[in-house]
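Structural overview
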Amino acid sequence: MNVMPIIADSTEELEAIFKDLHAHPEIGFTEHRTAGVVAEKLKAYGVDEIHTGIAGTGVVGIIRGNREGARRIGLRADMDALPINEETNLAYASTNPGVMHACGHDAHTTMLLGAARHLAATRDFAGTAVLIFQPAEEGLGGARGMLADGLFERFPCDEIYGMHNMPNGEAGKVGICKGAAMAGASFFDITIQGKGSHAAMPHQSRDPLVIASDLVGSLQTILSRNIAPLDTCVLSVTQIHSGSAYNVVPDSASLAGTIRYFKDEVCQLAETRMRELCAGFATAYGVTINIDLRNIFDVLMNDADLSDAYMEAAADIVGRENISGTDEPATGSEDFADMLKVVPGAYCRIGHSGTTGLHNPSFFLDPEVLPVGASVMARIVERRLAN
């Protein structure tokens, strides 16, 4: 690995930052301590401007190169953790019960700080680096919050780049998927208002549990009978809540879940059919069914040319043999997609030796990847602002 010297010399500090952030995780829009650490480090590194409080807890740092240039390259990292109880037994495990960095955002933040240290020390580029530390990526709308707070009006970018760790056991492997790389997502809540009764007299009820069970199965026919076979769509019911006693038919039930898609028209079709099915079930069973559908993530679109540029930069650090420019799309979602709708750019995946999946209470991120990711992020700035 051709890790940049300043970053290589900072390896111990980066690992200490990472472990500190991991031990003190914060849920989206409450990342006050994390934002404070970020701002403190940016100041210590000599970053030209530090702006805090964007969308509540977001931070932006500005670094100007040592040569004249009007172009501005954005680098983005997310900062929030998940409502998961950690089960890793690490010495630096979460000290906040029920909250864990189970997706590696602590590492992403650390990598961007490492890139900031190198860029502020060398300034070997013509133009400006814009460092974006984003809150609330995990379904809470942090990217949209920063955009609504005037992110790109206040800090214009010509291109923007992001990165996500991948626990695939392949340390230092960097991959990218051009075009539609990560799925868009809508979340839904369905409430069935039926009629309760004594469990021994179910004929007096309009049982919402029976209706909910039938509805879950019928929703899956949207994928098998409405969505074209070559169009990717996932519809998962992930919650069902109803009842509180053994001998009572409840009067209501609720369902919740998510749709994942790569084409807006596919999502629109799925949502239309969901509403139609809910209306039909309400009529058939003589109950009231309300459905709330809301878009949470857009489809993440990687610019083809900028994806190539990103992989060229990564190859300088990890070697061309460790680069893949033909990764498959992922049905997971990422709200960096919202920034990419405004500014062209690319989002890559960097492998590390961990193998436990993301969003798992036993997730482990190998800190050895920190200087590698930091170097890749710094290198894309230097390459894109070379002249």
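Heads up: the structure comes first, above all this text.
Residue numbers here run from 1 along each chain, matching the order of that chain's written sequence. Local features are withheld for residues below a pLDDT of 70 in this predicted model, meaning they are given only at 70 or higher, and side-chain atom pairs are given and counted only at 80 or more; totals for whole chains, interfaces and linings count all residues. Excluding hydrogens and water, the side-chain figures rest on all heavy atoms present in the structure.

Turning next to the overall build of the protein chain. Across its full length, the protein chain carries 12 helices and 16 strands. C-alpha atoms define the radius of gyration, and 2.2 Å times the number of residues to the power 0.38 defines the globule rule. Relative to a compact globule of 387 residues, whose C-alpha radius of gyration would be 21 Å, the protein chain shows 23 Å and is just as compact. When its C-alpha atoms are laid out on the principal axes, the protein chain stretches across 80 × 45 × 40 Å. Here the protein chain, with 387 residues, has 52% of them falling under the buried criterion. Long-range contacts, defined as pairs at least 24 residues apart, comprise 81% of the intrachain contacts of the protein chain with a sequence gap of at least 6. The method behind every accessible area is Shrake-Rupley, applied with a 1.4 Å probe, and residues are considered shielded solely by the protein chains displayed. Accessible surface computed for the protein chain: about 15,900 Å², of which carbon and sulfur atoms make up 50%. Charge-centre separation for the protein chain: the mean point of 29 positive side chains lies 3 Å from the mean point of 49 negative side chains. Going along the chain from the N terminus, every DSSP run of H or I of four or more residues is numbered as a helix, and every run of E of two or more is numbered as a strand. Throughout this description, buried means an accessible area under 20% of the type-specific maximum (1.4 Å probe, protein chains only), exposed means over 50%, and partly exposed covers the range between. Should any heavy atoms of two residues lie within 4.5 Å, those residues are counted as being in contact. His is not counted, nor are the chain ends, whereas Lys and Arg count as positive and Asp and Glu as negative. In plain terms, the charge of a residue is placed at NZ if it is Lys, CZ if Arg, CG if Asp and CD if Glu.

This brings us to the nonpolar core. Among the buried residues, those of types Ala, Val, Leu, Ile, Met, Phe, Trp, Tyr and Cys that are joined through side-chain atoms within 4.5 Å form a nonpolar core. Within the largest apolar cluster, 64 residues are counted, with the highest numbers of intra-cluster contacts made by Leu42, Ile63, Leu75, Leu131, Phe133, Tyr310 and Val381. Ignoring anything within four residues of it in the chain, the contact list for Leu42 reads Val47, Ile50, Val59, Gly61, Leu113, Ala116, Leu131 and Phe133. If you look at the next biggest cluster of nonpolar residues, it comprises 29 residues, including Phe188, Tyr261, Leu293 and Val299.

Pairing between two strands requires that DSSP report at least two bridges joining them. One open sheet holds the 8 strands; their spatial order is β1-β2-β4-β3-β5-β16-β6-β15, and the pairing between them is mixed. Across the chains shown, the open sheet's two edge strands, defined by having one partner strand only, are β1 (49-54) and β15 (323-324). Alignment of strand β6 (residues 174-175) against β15, held across 2 bridges, turns out to be parallel. Bridged to Gly175 within β15 is Ser324. Convention adopted: a line fitted to C-alpha atoms gives each axis, helices being fitted over their contacting stretch, and angles between N-to-C directions are expressed from 0 to 180 degrees. Of the strands in this sheet, β3 (67-78), β4 (126-134), β5 (159-166) and β16 (345-351) are in contact with helix α12 (residues 370-384), which crosses β3 at around 150°.

Checked against the element boundaries, Leu42 lands in helix α3 (residues 32-45). Placed 18 residues apart in sequence, Leu42 and Val60 show a C-alpha to C-alpha distance of 9.5 Å.

What follows covers the state of the cysteines. By convention in this document, the label disulfide applies to cysteine sulfur atom pairs within 2.5 Å. Using the criterion set out here, one finds 0 disulfides in the structure. Cysteine Cys157 remains unbridged, with the sulfur of Cys348 as its closest cysteine sulfur at 17 Å. The closest cysteine sulfur to the non-disulfide-bonded Cys233 is located on Cys267, 7.2 Å from its own sulfur. Among the residues examined, Cys233 registers a relative accessible area of 13% and is labelled buried.

The next point concerns helix α10 (residues 304-318). With 15 residues, α10 should cover 21 Å at 1.5 Å per step; its first-to-last C-alpha distance of 21 Å lies within 8% of that length. Next to the buried residues of α10 lie β5, β6, β14 (300-302), β15, β16 and α12. Where α10 begins, the side chain of Asp303 points an oxygen toward the backbone nitrogen of Asp305, at a separation of 3.1 Å. At the C-terminal side of α10, Gly319 shows a positive phi close to 90°. What a helix is expected to span follows from its residue count: subtract one and scale by 1.5 Å. In the analysis that follows, any N or O atom pair within 3.5 Å is treated as a polar contact, provided that within protein one partner can donate a hydrogen and the other can accept it, and provided that, for residues neighboring in sequence, both atoms belong to side chains.

Any two side chains of opposite charge can pair if their charged atoms end up close together. For this document, the term salt bridge refers to a Lys or Arg side-chain nitrogen within 4 Å of an Asp or Glu carboxyl oxygen. Applying the stated criterion to the full structure yields 25 salt bridges. A salt bridge links Asp327 to Arg349, with the shortest nitrogen-to-oxygen separation between them at 3.7 Å. Of this pair, Asp327 sits in the loop between β15 and α11 (336-340) while Arg349 sits in strand β16, and the two are 22 residues apart along the sequence. On the basis of relative accessibility, which here comes to 23%, the residue Asp327 falls in the partly exposed class. By sharing partners, the salt bridges in this structure join Arg76, Asp78, Glu334 and Asp335 into a single network.

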